[in-house]
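Commentary on secondary and tertiary structure
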Amino acid sequence: MPRGEGAQQGEVAVCSLSSRELVEPLSALPGVSLAGTLMTANLGIEELLRTLARRPAVRGLVVCGRDSPRFLAGQSLLALFRDGVDLERRSIIGAAGYLPLLRSVPLHEVERLRARVEVVDARGECDPLVVGEIVQKLRARLRAAPRPVPDGRTAPGDGPCGPVPGFRRLRTGGRRVGLSQVLDGFVVISLDRRARRIVLRHYDNDLTPRHEMTGVRAESMLLGLLRAGVITDPAHAGYLGSELTKAETALRLGLPYVQDLPLRAPGRPGNAMLPVYEREEPQP
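The notes below deal with the structure included here. Nothing here was measured: the structure is a model prediction, and the numbers come from that model.

With respect to the packing of aromatic side chains
Taken as a whole and assessed by the stated rule, the structure comprises two aromatic pairs. An angle of 70° between the planes, with centres 6.2 Å apart, marks the rings of Phe71 and Tyr98 as edge-to-face. Highlighted residues: Phe71 in the loop between strand 4 (60-65) and helix 3 (73-83) and Tyr98 in the loop between helix 3 and helix 4 (107-116), separated in sequence by 27 residues. By relative accessible area, Phe71 is classed as partly exposed at 26%. Plain terms: the ring middles of Phe186 and Tyr203 are 5.4 Å apart, the flat faces sit at 20° to each other, and that makes the pair stacked. Taken together, the residues span a long stretch of sequence, with Phe186 in strand 6 (residues 186-192) and Tyr203 in strand 7 (residues 197-203) at a distance of 17 residues. Under the relative-accessibility criterion, Phe186 is labelled partly exposed at 23%. According to the relative accessible area criterion, Tyr203 is partly exposed, its value standing at 22%.

What follows is the structure in C-alpha cells.
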C-alpha cells in the first residue's frame, strides 16, 4: 500500500484500490492519517496490514476507488476483515482475488487488526468530496465508541524497515572489486539532452574507444551490456545498474547528472561547482 501521509494524525485510513489519482486529495482530508492504493490480494494486503499495525491510532478504514477486475484486491480485503483467514491454508476466507494468501504476517496480528479497525465498503466511489463525507461519518462513530484496550504486544516489523516473519534476514554491503580488474578500461555515462538519450561509452585504459550505447531506459541498457558480454561481474553490474537508473531519472526529471554523485534538485548545495569529470552534453 504506497502511502500518502496526511497532514495530521487521524483515526481513519483510506485505501483507493487501483485509483492512484485519488491518493493525494484523499490524504489531505481532515481526519485521514494516511491514504494509499492496493493492487494485489496477497503482498499488497500484507503491506497494508503491516502499515495499520504501525499506526495504533487508526481505527477506521475506508475502501474506495476502482477495484481491479482481475486481482479483486478490494473484495479480498473486505473478505479478510469480514471472515478472517483459513488457519491451515493461510488463505483469506471468501476472497475471490488472485492468490489471496497471507504468508508473512502473523495470524494473531491479523486478528488484532480485525478487532480494532472498522472497515467501510465504498468501492466504486471516486469523488473525493463524497469519500470525505464517508470519512467524517466514520470518525463520528469511532469517537462515540470506546477505544480498544492495547494488549501490550508490539507489532512485528515496527518501523519502516522492521523484519518480516518467514524471510531469512540478509545484511547489506559487500566488496566490489576494482573496475580495472573486471573490465578492460573504464565506463563513462553522460546525458545527451538534445536527443533525450543516455550515453554510455567504454574506453580502454589508454583512452581507445571500445563500445558505445545510447538509450532511454536503464534496464534495457544494462541487459544489452550483459548480452554483449561487456559486463560479467555481478557487483559491477549492480554499480552500472544504479548509475544508469540515476541517469534515467535525471533525464526524465530534468535534474543535473554527475556520474558517481547523488542526484540533487536544482539549486541544492553541491551544484555550484561540478567535478572535472562532468560529461553532460552542452546545451545548444
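Remarks on the pairing of strand 8 (residues 209-215)
Summarising the sheet, strand 7 and strand 8 pair through six bridges and their orientation is antiparallel. By the bridge assignment for strand 8, His202 is matched with His211. Two successive antiparallel strands, strand 7 and strand 8, enclose a turn made up of five residues, where Leu207 displays a positive phi of approximately 75°.

Side note on the sheet that holds strand 6
Spatial ordering of the open sheet is given by 6-7-8, a layout of three strands whose pairing is antiparallel. Strands at the two margins of the open sheet, each flanked by one partner only, are strand 6 and strand 8. Here the strands of the sheet are splayed against their neighbours by 20° on average, with no regard to which way each runs. Here strand 6 runs beside strand 7; their pairing, made up of seven bridges, is antiparallel. The residue bridging Asp192 from the neighbouring strand is Arg197, located in strand 7. Sitting on the sheet, helix 7 (residues 218-228) is in contact with strand 7 and strand 8, with an inclination near 150° to strand 8. Seen against the sheet, helix 8 (residues 234-253) touches strand 6 and strand 7 and runs at an angle of roughly 10° to strand 6.

Focus on the nonpolar core
Membership of the largest hydrophobic core comes to 27 residues, with the highest contact counts inside it found for Ile45, Leu49, Leu61 and Leu80. At the level of elements, strand 2 (12-15), helix 2 (43-53), strand 4, helix 3 and helix 4 are the ones that each hand at least two residues to this core. Here this core takes six residues from helix 3, the largest share from any one element. Apart from residues lying up to four places away in sequence, Leu49 is in contact with Leu80, Phe81, Leu102, Val105, Val110 and Leu113. In this structure, Ile189, Leu240, Ala247 and Leu251 belong to the second largest nonpolar core, which totals 20 residues.

Conventions and cut-offs
Residues numbered from 1 in each chain as written. Predicted model: local features only at pLDDT ≥ 70, side-chain atom pairs only at ≥ 80, totals over all residues. Heavy atoms only, no water. Phe/Tyr/Trp six-rings, centres within 6.5 Å; stacked < 30°, edge-to-face > 60°. Helix = DSSP H or I, 4+ residues; strand = E, 2+ residues; numbered from the N terminus. Buried < 20%, exposed > 50% of the residue type's maximum accessible area, 1.4 Å probe, protein only. Pairing = 2+ DSSP bridges. Axes fitted to C-alpha atoms, helices over the stretch in contact; angles between N-to-C directions. Contact = heavy atoms within 4.5 Å. Core = buried A, V, L, I, M, F, W, Y, C linked by side-chain atoms within 4.5 Å.

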